[in-house]
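What follows is each chain in one-letter form.
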Amino acid sequence: MHPAILALIEGGTTVEYGAHLVPEMGYRGIPEKLYREGIVVIGDAARFGINTGLIIRGMDLAMVSGLAAARAILQAQDTSHVGPLYMKKLEELLLLGEERSYQNFHRVFEIPRMFREVPKLANEAMQFLFTVDGKIPTPMLHGLLNVARRNVSLGQMLADGWKVYRSL
Amino acid sequence: MSIKRLSPEEALALNKFAVDEGHPHIVVDKAICANCTDRVCLVVCPARLYRLKDGQVSFEFAGCLECGTCRVMCKEGGVTSWSYPRATFGVTYRTS
C-alpha cells in the first residue's frame, strides 16, 4: 500500500472485495444516454475513463460526474429536468470536453504491435544506446535503424506512425 | 500505521455470492490449458480461482468477482465462454 493512501485508511476495515476492468474506450465508449427519469449514470457505469497510455484516469472523472449529478439533482425544479441538467453540468465541469479531446485515442491501442513489438523496440534501442562494451560501437543512427528493422518493417512503422499521429 | 492485509480467501469471505449451481458463467477447456505454457490465469485472477492441481489448471467459478481479466488475458483460448451470471446470481456488491 502506498504510504500516502495508507494514512487515509489507517485503522479502517475491509468491508468488501471487488475487481473490475476499466472502461478504456474514452468518449466513444460513453453510452448515448446517461439518464432516465429517476436515474443518472455516473463514473465507471457511464464509462467515463481516459487512457492515454501514460495515465489511466477514471477516479477523477467519477468524482466530477458525481458532483455534476448532485448539482443537477439539487437544482432541478422537477425530476424530468435532472437528466438534461446533469448533461449540462457535465459540460460545465469540462468532463465531456476532456473526454472529447482524447476521443480518437483508443485507436492507438488497436494496433497490436503497440503491446509487443513497440515496447521491445524501445527496450532494445535503450540497450543499444547505453551499452559500453569496449568494442567499436555501430554508428548511432545505423544501430537504431537496425533495432527498428529487427522488430517492425518500414511499411508497418509508417502505417502505425500515421495512425498514431491521426489519433492524437 | 496499520491496516490488516487480507488474503484473497479472507477478502472473498467478506462478499456475498449467489452461486448458480450447475451453470458456470465461465467455461474453461482444460485440454487447451494443458498445452498452454504461460498460464497467466494463475496469477492475474484477483480471486485466485485458477489454480494448479497436479500440474493441471483447475478453475472454480464460485467466488468470481466478474471482472473479466481472465477473458482478456487468456492467450490460448482456454476460456472458451465468458458471460455474466444469470440474473440474481453471482457476486452481490453492496457498497460499490
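**Digging into the overall build of chain A**
Okay, so step 1: Within chain A one finds seven helices and four strands.
Okay, so step 2: Shown N-terminal to C-terminal, the secondary structure of chain A runs as helices and strands in the order α-β-β-β-β-α-α-α-α-α-α.
Okay, so step 3: Relative to the globule expectation of 15 Å for 168 residues, the C-alpha radius of gyration of chain A, 23 Å, shows a markedly less compact shape.
Okay, so step 4: Seen through its principal axes, chain A has C-alpha atoms that stretch 75 × 45 × 25 Å.
Okay, so step 5: Every one of the 168 residues in chain A was classed for burial, and the buried ones make up 17%.
Okay, so step 6: Put simply, 57% of the contacts in chain A that link residues at least 6 apart link residues at least 24 apart.

**Comments concerning the overall build of chain B**
Okay, so step 1: Each helix and strand counted, chain B has four helices and six strands in total.
Okay, so step 2: Going from the N terminus to the C terminus, chain B shows its helices and strands as α-β-β-α-α-β-β-α-β-β.
Okay, so step 3: Across its three principal directions, the C-alpha atoms of chain B cover 45 × 40 × 25 Å.
Okay, so step 4: Among the 96 residues that make up chain B, the fraction classed as buried is 19%.
Okay, so step 5: Of all intrachain contacts in chain B linking residues separated by at least 6 positions in sequence, the fraction that spans at least 24 positions is 70%.

**A closer look at the domain arrangement of chain A**
Okay, so step 1: Parsing chain A into structural domains produces domain 1 (17-103) and domain 2 (111-167).
Okay, so step 2: Centre-to-centre, using C-alpha coordinates, domain 1 of chain A lies 38 Å away from domain 2 of chain A.

**Looking at the pairing of strand 3 (residues 50-53) of chain B**
All names here are of chain B.
Okay, so step 1: Sheet analysis places strand 3 next to strand 4 (residues 56-59), joined by four bridges and oriented antiparallel. Bridge pairing in strand 4 places tyrosine 50 opposite phenylalanine 59.
Okay, so step 2: Taking the residues between adjacent antiparallel strands as the criterion, strand 3 and strand 4 are bridged by two residues, where aspartate 54 takes a positive phi near 50°.

**Considerations on the environment of cysteine 33 of chain B**
Okay, so step 1: By secondary structure assignment, the location of cysteine 33 of chain B is in helix 2 (residues 30-34).
Okay, so step 2: Residues cysteine 33 of chain B and glycine 78 of chain B, 45 residues apart in the sequence, show an inter-C-alpha distance of 5.4 Å.

**Here's the deal with the nonpolar core**
The nonpolar side chains of soluble globular proteins are, as a tendency, buried together.
Okay, so step 1: By size, the foremost hydrophobic cluster in this structure holds 17 residues, and its most contacted members are Val40, Ala68, Ala69, Ala72, Tyr86 and Leu95 of chain A.
Okay, so step 2: Sorting the residues of this core by element identifies helix 2 (59-75), helix 3 (79-92) and helix 4 (95-101) of chain A as the ones contributing at least two each.
Okay, so step 3: One finds Tyr17 of chain A together with Leu12, Cys45 and Leu49 of chain B within the second-largest nonpolar core, a separate group that totals 16 residues.

**Some remarks on the interface of chain B and chain A**
Okay, so step 1: Each partner contributes residues to the interface: chain B has 17 residues there, and chain A has 14 residues.
Okay, so step 2: Elements represented by at least two residues in the side of chain B that touches chain A include exactly helix 1 (8-12) and helix 4 (69-73) of chain B.
Okay, so step 3: Tallied by class, residues from the side of chain B that touches chain A come to eleven nonpolar, five polar and one charged.

**Observations regarding unusual backbone geometry**
Okay, so step 1: For arginine 47 of chain A, which is not glycine, the phi dihedral falls at a positive 60°.
Okay, so step 2: Note on placement: arginine 47 of chain A falls in the loop between strand 2 (39-40) and strand 3 (50-51).
Okay, so step 3: Judged by local crowding, arginine 47 of chain A falls into the buried class, with 21 C-beta atoms found within 10 Å.
Okay, so step 4: If you check the backbone angles, aspartate 54 of chain B has positive phi at about 50° while not being a glycine.

**So, the packing of helix 2 of chain A against helix 3 of chain A**
All names here are of chain A.
Okay, so step 1: Put simply, helix 2 and helix 3 touch, their axes get as near as 8 Å, and they point 135° apart. When the axes of helix 2 and helix 3 are compared, the pair comes out oblique. Pair helix 2 / helix 3 crosses with right-handed handedness. Residue-level inspection shows Ser65, Ala68, Ala69, Arg71, Ala72, Ile73 and Gln75 of helix 2 in contact with helix 3, the latter providing Val82, Leu85, Tyr86, Lys89 and Leu90.

**Concerning the environment of valine 72 of chain B**
Residue and element names in this part refer to chain B.
Okay, so step 1: By secondary structure assignment, the location of valine 72 is in helix 4.
Okay, so step 2: A count of 12 C-beta atoms within 10 Å places valine 72 in the exposed class.
Okay, so step 3: Considering only alpha carbons, one finds valine 72 and lysine 30, 42 residues apart in sequence, at a separation of 17 Å.

Basis of the calculations
Residues numbered from 1 in each chain as written. Chains lettered and ligands numbered in written order. Predicted model: local features only at pLDDT ≥ 70, side-chain atom pairs only at ≥ 80, totals over all residues. Helix = DSSP H or I, 4+ residues; strand = E, 2+ residues; numbered from the N terminus. Rg over C-alpha atoms; globule rule 2.2 N^0.38 Å. Buried ≥ 20, exposed ≤ 12 C-beta atoms within 10 Å, placed from the backbone. Contact = placed C-beta atoms within 7 Å. Domains from an automatic or database assignment. Pairing = 2+ DSSP bridges. Core = buried A, V, L, I, M, F, W, Y, C linked by C-beta atoms within 7 Å. Nonpolar A, V, L, I, M, F, W, Y, C, P; charged D, E, K, R; others polar. Axes fitted to C-alpha atoms, helices over the stretch in contact; angles between N-to-C directions. Parallel < 35°, antiparallel > 145°, perpendicular 65-115°, else oblique. Left-handed = near helix turned anticlockwise from the far one by under 90°.

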